[in-house]
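Read off the chains here:
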Amino acid sequence: MPSAVKPPQTLYDKVFEDHIVEEQADSTILLYIDRHLVHEVTSPQAFEGLRNAGRKVRRPDCTLATVDHNIPTASRKNLTTTEKFIEETDSRLQCMTLEENVKAFDLTYFGLDDKRQGIVHIIGPEQGFTLPGTTVVCGDSHTSTHGAFGALAFGIGTSEVEHVLATQTIITKKSKNMKVQVDGELGPGVSSKDIILHVIGIIGTAGGTGAVIEFCGSAIRGLSMEARMSICNMSIEGGARAGMVAPDQITIDYLKGRPLAPKVDSPEWKKACNYWLGLKSDEGANFDIEVNIDAKDIAPTVSWGTSPQDVIPITGVVPGPDDFQDDVKKDACKRALKYMGLTAGTPMQEIPLDKVFIGSCTNARIEDLRGAARIVQGKKVASNIKRAMIVPGSGLVKRQAEAEGLDKIFTDAGFEWREAGCSMCLGMNPDILSPGERCASTSNRNFEGRQGAGGRTHLMSPVMAAAAAIVGNLADVRKLAPPSADPAKGSPKIELDAHMEEVGSDEDIDKIMDLPADSQSHTASNSSTKGASAGMPKFETLRGYAAPMDIANIDTDAIIPKQFLKTIKRSGLGSALFHAWRYQAGSDEEDPSFVLNQEPYRNSKILVCTGPNFGCGSSREHAPWALLDFGIKCVIAPSFGDIFFNNTFKNGMLPLRITDTAALNRIAEQAKAGKEIEVDLVNQVIRDSEGNELSKFDVEEFRKHCLVNGLDDIGLTMSSVDKIETHERKRTAVWPWLDGSGYLAKHGRGPVKIEAKPVPKTNRGEEIKEPLEW
Ligand SMILES: CC(C)[C@H](C(=O)O)[C@@H](O)C(=O)O
Ligand code: SF4
């Protein structure tokens with residue numbers, strides 16, 4: 001019996017719907033997570049939480065861990081143990097803590113001695129761990145990378161890492177649908193990195209806030225998977241929760257033969273391909289925001305300032321404050337020029353460089369290295385360049401490049417050929433810029449101090465960075481080399497039927513939902529009781545001094561710089577809060593001009609920021625931990641980075657979006673006058689010290705309920721464990737390739753399978769063709 005006709009859906013709508021475990025009346029969703037990537041920086045506190053609560057990892061078979069941020073990229077020829085190899089104490093402790101945790105919780109781990117080790121966002125796709133139509137999370141903002149496969153992939157904070165480890169779910173809300181359509185042919189020397197830098201230049205770093213971006217159009221369809229990953233990787237820099245590209249033949253060809261993808265000849269493969277190809281947005285699906293870009297308008301692009309939106313074609317000149325309309329942007333420009341040591345009007349190609357970094361989860365894949373090698377072949381790095389580094393994204397990328405002789409091309413030209421890791425993308429390891437040094441970088445963030453305190457970053461594509469290394473200045477790659485074909489284009493096609501037929505009745509779904517609870521379960525049983533909650537301090541009313549700040553786009557690197565992320569604890573970070581702004585450069589002496597060093601703001605409980613996009617950038621939960629440790633429990637701003645916004649709630653804090661400029665200014669005036677204000681969450685109102693209303697505010701019902709009652713999410717989710725089990729049984733029936741048999745086989749435990757009746761219908765009521773023999 002055919003069911004009611006559904007309105008057209010987007011790719012995001014479909015993937016989201018297929019992962020709903022439970023929906024509350026206020027639209028809060030418990031979403032199932034298929035794939036969880038773990039690294040050393042954002043996991044120690046999560047494992048500690050599990051241990052303290054006596055919980056286990058629910059799906060070790062769907063969890064994959066590696067070390068990437070902290071590790072040195074020096075030669076591993078003499079590697080014996082992590083303990084002996086990593087010299088820096090805190091980095092060593094963090095990596096060793098992960099090694100202990102993966103052993104204790106029995107997780108698959110690619111350590112330093114494993115050729116598959118690399119940056120999380122490179123190894124997931126490389127292994128076929130990342131699959132189309134899945135939900136993928138990691139305690140890392142660039143998890144958006146995996147959206148290139150048509151996965152819903154997003155960064156989470158450490159509390160959410162713990163939540164996923166314990167429950168394999170996340171509590172979330174549906175985001176808006178945004179479409180960025182790029183049509184036409186890319187010009188010579190223009191690559192996917194230029195596309196995404198150009199897009200962020202147009203939409204701004206808050207342009208995608210609250211939305212999931214689908215990248216589409218002929219220019220995107222023509223890109224290889226690796227190029228699509230570079231684009232989705234930086235959707236977080238455009239403020240989006242995630243970026244996605246609909247799976248197509250290029251996706252399928254990329255996945256063939258990957259160790260953890262379904263085997264190409266298996267019955268699961270064709271079934272999976274049909275499901276994947278059916279995920280593309282339906283004709284007429286509704287997008288809340290649409291941006292259209294003509295590929296011919298995109299030039300080789302570089303950043304000039306300290307935000308990824310500060311971009312310009314390489315043929316341009318450094319902009320000045322007069323080029324911007326509003327005061328916030330004029331101020332941001334002045335501040336950026338000062339930090340970057342640049343003068344408005346200087347031609348970009350006349351800016352000399354000190355260092356060149358080709359690496360990071362944006363651009364350290366084999367095609368990136370091939371592209372850069374084409375430019376440097378037979379040439380030499382300019383004499384003014386103190387250091388030029390190539391850091392492959394994984395051990396496998398490194399081997400592949402060596403097999404193709406790329407390492408030789410780079411070293412002959414004067415580049416260093418390093419081991420895989422995050423390296424100088426954020427400088428948590430020894431690869432950093434010295435104060436004042438200027439770097440051409442293929443990474444994704446040019447925030448103040450990102451690659452080292454006082455360091456100056458210019459973002460660009462691998463071929464542009466290669467050109468810059470040869471010229472010694474920011475350079476236009478088109479002057480150095482003729483355009484050449486995309487190295488990944490032209491893969492053979494296979495015939496697949498993308499058609500999804502709707503057959504069967506609603507009872508079929510009911511049958512699945514009614515499967516006996518004693519169906520053989522593969523999950524690690526959790527020892528804690530249902531509904532057990534560690535609890536959080538309650539938040540009802542908060543009264544205190546509010547520190548005023550009027551800077552736009554305060555990123556989490558500024559809230560807490562990388563050197564303080566090497567902790568395995570949540571506490572004691574208050575002294576590191578806003579470190580680069582709070583202390584004089586290179587010393588422990590306070591800068592008296594910084595607001596938190598002034599009375600009465602040393603005792604602030606609230607922060608009022610009149611600039612937009614507070615907490616953008618990295619997923620580090622260390623940012624709310626540092627604020628909390630300082631004493632700040634509430635941040636008021638016109639808009640927030642999504643992950644930071646989430647992370648604050650998980651720590652019993654209240655971020656308040658006040659979009660009414662007049663109201664925000666009223667609050668800021670009280671803050672500037674050094675008067676206390678009162679935030680009354682129960683009645684959703686902000687008052688001055690006399691009790692007069694300054695503004696009302698909105699807050700999601702579920703979040704308010706948790707804060708006012710001091711409830712922690714994991715405890716709440718544990719009480720829905722039966723619904724999670726039901727979803728897992730259905731998942732095995734409908735998407736059998738998602739149970740991570742590959743990993744357990746590695747552990748010598750054989751494949752993971754849940755007994756479930758063969759009723760292969762998605763949450764959307766759709767049957768996937770090519771049913772299996774069960
Ligand atoms: C350390 C980690 C939390 C962080 C992120 O979330 O992005 C890092 O990868 C970064 O790029 O800043
Ligand atoms: S952005 Fe840089 S630091 Fe963050 S995961 Fe990617 S490579 Fe690592």
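Residues numbered from 1 in each chain as written. Chains lettered and ligands numbered in written order. Predicted model: local features only at pLDDT ≥ 70, side-chain atom pairs only at ≥ 80, totals over all residues. Heavy atoms only, no water.

1. Considerations on the site of ligand 1
- Around ligand 1 sit Val-41, Thr-42, His-69, Asp-140, Ser-141, His-142, Leu-426, Arg-445, Arg-450, Ser-618, Ser-619 and Arg-620, and those are all the residues in its vicinity.
- Within the side chain of Ser-618, an N or O atom sits 3.4 Å from an oxygen atom of ligand 1.
- Here the shell around ligand 1 is built from residues that sort into two nonpolar, six polar and four charged. (Near = heavy atom within 4 Å. Polar contact = N/O pair within 3.5 Å; in protein donor to acceptor, adjacent residues only side chain to side chain. Nonpolar A, V, L, I, M, F, W, Y, C, P; charged D, E, K, R; others polar.)

2. Observations regarding the sheet that holds strand 5 (residues 108–110)
- In spatial order, the strands read 5-4-3-6-7; together these five strands make up an open sheet with parallel pairing. The outermost strands of the open sheet, each flanked by one partner alone, are strand 5 and strand 7 (152–155). Averaged over neighbouring strand pairs, the angle between their axes works out to 20° when direction is ignored.
- Here strand 4 (residues 63–66) pairs with strand 5 via three bridges, running parallel. Paired with Thr-66 across the two strands is Phe-110, which belongs to strand 5. (Pairing = 2+ DSSP bridges. Helix = DSSP H or I, 4+ residues; strand = E, 2+ residues; numbered from the N terminus. Axes fitted to C-alpha atoms, helices over the stretch in contact; angles between N-to-C directions.)

3. Digging into the site of ligand 2
- By nearness alone, every residue bordering ligand 2 is listed as His-69, His-121, Asp-140, His-142, Ser-360, Cys-361, Cys-422, Cys-425, Leu-426, Asn-444 and Arg-450.
- Class assignment of the residues belonging to the shell around ligand 2 gives a composition of four nonpolar, five polar and two charged.

4. Section: the sheet that holds strand 9 (residues 176–183)
- Ordered in space as 11-10-9-12, the four strands form an open sheet in which the pairing is parallel. Two strands close off the open sheet at either side, each with one partner strand: strand 11 (242–244) and strand 12 (289–294). On average, each strand axis in the sheet is inclined to that of its neighbour by 20°, with strand direction left out of account.
- Note: strand 9 against strand 10 (residues 211–216), six bridges, orientation parallel. Bridging across to strand 10, Val-180 finds its partner in Phe-215.
- Across the sheet, helix 7 (residues 192–203) lies against strand 9, strand 10 and strand 12, angled at about 130° from strand 12, the strand it touches most. (Contact = heavy atoms within 4.5 Å.)

5. Some points on the packing of aromatic side chains
- On inspection of all chains with the given rule, the structure shows 18 aromatic pairs.
- Plain terms: the ring middles of Phe-645 and Phe-649 are 5.3 Å apart, the flat faces sit at 80° to each other, and that makes the pair edge-to-face. Separated by four residues within a single helix, Phe-645 and Phe-649 lie in helix 21 (residues 642–650), roughly one turn from each other. Of the two residues, Phe-645 and Phe-649, neither departs from the other in class, the shared state being buried.
- Taken together, Trp-269, Tyr-275, Trp-276, Trp-735 and Trp-737 form an aromatic cluster joined through their ring pairs.
- The lysine or arginine in question, Arg-335, covers the ring of Trp-581, its NZ or CZ lying 4.8 Å from the ring centre.
- The ring of Phe-645 carries the charged tip of Arg-657 above its face, separated from the ring centre by 4.0 Å. (Phe/Tyr/Trp six-rings, centres within 6.5 Å; stacked < 30°, edge-to-face > 60°. Buried < 20%, exposed > 50% of the residue type's maximum accessible area, 1.4 Å probe, protein only. Lys NZ or Arg CZ within 6 Å of the ring centre and 35° of its normal.)

6. Focus on the UniProt feature "domain: Aconitase A/isopropylmalate dehydratase small subunit swivel" (unreviewed entry) in the protein
- On the UniProt side, "domain: Aconitase A/isopropylmalate dehydratase small subunit swivel" (unreviewed entry) is annotated at positions that read residues 536–659 here.
- Summarising residues 536–659: 21% helix, 17% strand, and an end-to-end C-alpha distance of 28 Å. (UniProt positions renumbered as here; feature names shortened; annotations may be inferred.)

7. Some thoughts on the environment of Tyr-109
- Mapped onto the fold, Tyr-109 is located in strand 5.
- On the basis of relative accessibility, which here comes to 14%, the residue Tyr-109 falls in the buried class.
- A C-alpha to C-alpha distance of 4.7 Å links Tyr-109 and Ala-65, two positions 44 residues apart in sequence.
- Among residues more than four places away in sequence, those in contact with Tyr-109 are Ala-65, Thr-66, Val-67, Leu-98, Glu-99, Val-102 and Asp-114.

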